[in-house]
Amino acid sequence: MKKTATRSKEATHDRIVEAAARAIRRSGYNGTGVADIMKAAGLTHGGFYAHFASREAMLAEAADRAGSEAVQAMESVAAAVPPGQTFQAMVQAYLSEMHVNSIETGCATAALGSEMPRQAPEVRRAATRRIKEMIDLIARQFPDWGEPGVHERAMVTASTMVGALILARAVDDPRLSDALRKAALNHLISNN
């Protein structure tokens, strides 16, 4: 009986974190309250503190989940193509029109990066860990992985991808959005 209750509490906790991860990407850290997240998880506001010590603790888990999902998405893309095509496939998926339109489920760094400096240390720590994972994943796709300069090239690549996605989402001109994505994609593919 105790194991069932524990599994139920873990499942409920996971549902809250999933709802929070979607909510923060959609509305930002400060744009979504605990009550909204609990409602999205199908729960009442009163049950929040049975799962989290604070709002910041929940946001840290949500940031970690959102970042993890972004890394997993890129790993899935890499696993689905033959070796030697992984870098191009990852960049194409990241800079796709579908990703531009998937704020709620897409890259947390692109959705939340500008808000990060004002977040609690545990939220920033979670986001930082996932950003490092993304950079490392990109670095491993280069044929000269492990050589000097590859990690720096991966940081520039990640920065270009995230920046292009942010700009493509920011503009209200669909042609400019497409042009921004395609310019970054062409640059990254031809220079790596």
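Structure's up top.
Note that this is a predicted model, so its numbers are computed, not measured.

*Asks:* Explanation requested: the packing of helix 8 (residues 150–170) against helix 9 (residues 174–191) in the structure shown.
*Replies:* Between two packed helices, what matters for the description is the angle formed by their axes and the separation of those axes. It is at 8 Å that the axes of helix 8 and helix 9 come closest, and there the two elements cross at 170°. By the criterion of interaxial angle, the relationship of helix 8 to helix 9 is roughly antiparallel. Residues Thr157, Thr160, Met161, Ala164, Leu167 and Ala168 of helix 8 touch helix 9, and the partners they reach there are Ser177, Leu180, Arg181, Ala184 and Leu188. Of the residues in the contact of helix 8 with helix 9, the class split is seven nonpolar, three polar and one charged.

*Asks:* In this structure, what is going on with the side chain of His51? I would like to understand it.
*Replies:* Within the fold, His51 resides in the loop between helix 2 (34–40) and helix 3 (55–79). The class for His51 is buried, based on a relative accessible area of 18%.

*Asks:* How should I be thinking about the nonpolar core in this particular structure?
*Replies:* Within soluble globular proteins, side chains that are nonpolar generally end up buried alongside one another. In this structure, Val91, Tyr94, Leu95, Met134 and Ile138 are the most contacted members of the largest nonpolar core, which totals 29 residues. Mapped by element, the contributors of at least two residues to this core are helix 3, helix 4 (86–94), helix 7 (121–139), helix 8 and helix 9. The biggest single contributor to this core is helix 8, with eight residues. Not counting residues up to four positions away in its chain, the partners in contact with Met134 are Ala70, Val71 and Met74.

*Asks:* I'm lost on the pattern of salt bridges in this one. Help?
*Replies:* Pairing between side chains of opposite charge can happen when the charged atoms of each approach one another. In total, this model carries 10 salt bridges according to the counting rule given. With a closest N to O distance of 2.7 Å, Glu69 and Arg25 form a salt bridge. With Glu69 in helix 3 and Arg25 in helix 1 (residues 2–27), this pair connects stretches of sequence that are 44 residues apart. Overall, the relative accessible area of 2% leaves Arg25 in the buried class. Close ionic contact of Glu104 with Arg26 constitutes a salt bridge, the shortest N to O distance being 3.1 Å.

*Asks:* So what exactly am I meant to see when it comes to the packing of aromatic side chains here?
*Replies:* Given two aromatic rings, their pairing is described by the distance between the two centres and the angle made by the two planes. Scanning all chains against the criterion turns up three aromatic pairs. Here the aromatic rings of Phe87 and Phe142 are separated by 5.1 Å at their centres, their planes lie at 40°, and the arrangement is tilted. Taken together, the positions of Phe87 in helix 4 and Phe142 in the loop between helix 7 and helix 8 put the pair 55 residues apart, joining distant regions of the chain. We note that Phe87, like Phe142, is buried.

*Asks:* Just to check I follow, could you spell out the layout of surface pockets for this structure?
*Replies:* Empty space among the atoms can be located by rolling a probe the size of a water molecule over them. As a volume, the largest pocket reaches approximately 440 Å³. When contributions to the lining of the largest pocket are tallied by element, the ones reaching two or more residues are helix 3, helix 6 (108–112), helix 7 and helix 8. Looking at the lining of the largest pocket element by element, the count peaks at eight residues for helix 7. Empty space within the second largest pocket amounts to approximately 220 Å³. As for the second largest pocket, its lining consists of 14 residues, of which Ala73, Met74, Ala93, His99 and Gly106 are closest to the centre. Listed by contribution, the elements that provide at least two residues to the lining of the second largest pocket are helix 3, helix 4 and helix 5 (97–100). For the lining of the second largest pocket, the leading source of residues is helix 3, giving five residues.

*Asks:* What exactly am I supposed to notice about the environment of Val171 here?
*Replies:* Along the chain, the position of Val171 falls in the loop between helix 8 and helix 9. Given the relative accessible area of 27%, Val171 is considered partly exposed. Look past the residues within four positions of Val171 in its chain and what remains in contact with it is Leu176, Ser177 and Leu180.

*Asks:* What is the right way to read the environment of Ala108 from this model?
*Replies:* Mapped onto the elements of the fold, Ala108 is located in helix 6. Taking the C-alpha atoms as reference points, Ala108 and Arg25, 83 residues apart in sequence, are found 6.1 Å from one another. Dropping the residues within four chain positions of it, Ala108 is found in contact with Arg25, Ala66, Gly67 and Gly113.

Conventions we followed
Residues numbered from 1 in each chain as written. Predicted model: local features only at pLDDT ≥ 70, side-chain atom pairs only at ≥ 80, totals over all residues. Heavy atoms only, no water. Axes fitted to C-alpha atoms, helices over the stretch in contact; angles between N-to-C directions. Helix = DSSP H or I, 4+ residues; strand = E, 2+ residues; numbered from the N terminus. Parallel < 35°, antiparallel > 145°, perpendicular 65-115°, else oblique. Contact = heavy atoms within 4.5 Å. Nonpolar A, V, L, I, M, F, W, Y, C, P; charged D, E, K, R; others polar. Buried < 20%, exposed > 50% of the residue type's maximum accessible area, 1.4 Å probe, protein only. Core = buried A, V, L, I, M, F, W, Y, C linked by side-chain atoms within 4.5 Å. Salt bridge = Lys/Arg side-chain N within 4 Å of Asp/Glu carboxyl O. Phe/Tyr/Trp six-rings, centres within 6.5 Å; stacked < 30°, edge-to-face > 60°. 1 Å grid on protein atoms, 1.4 Å probe; cavity = no way out; pocket = protein on both sides within 12 Å on 5 of 7 lines; lining within 4 Å. Points joined across faces, edges and corners; volume = space filled by probe spheres on them.

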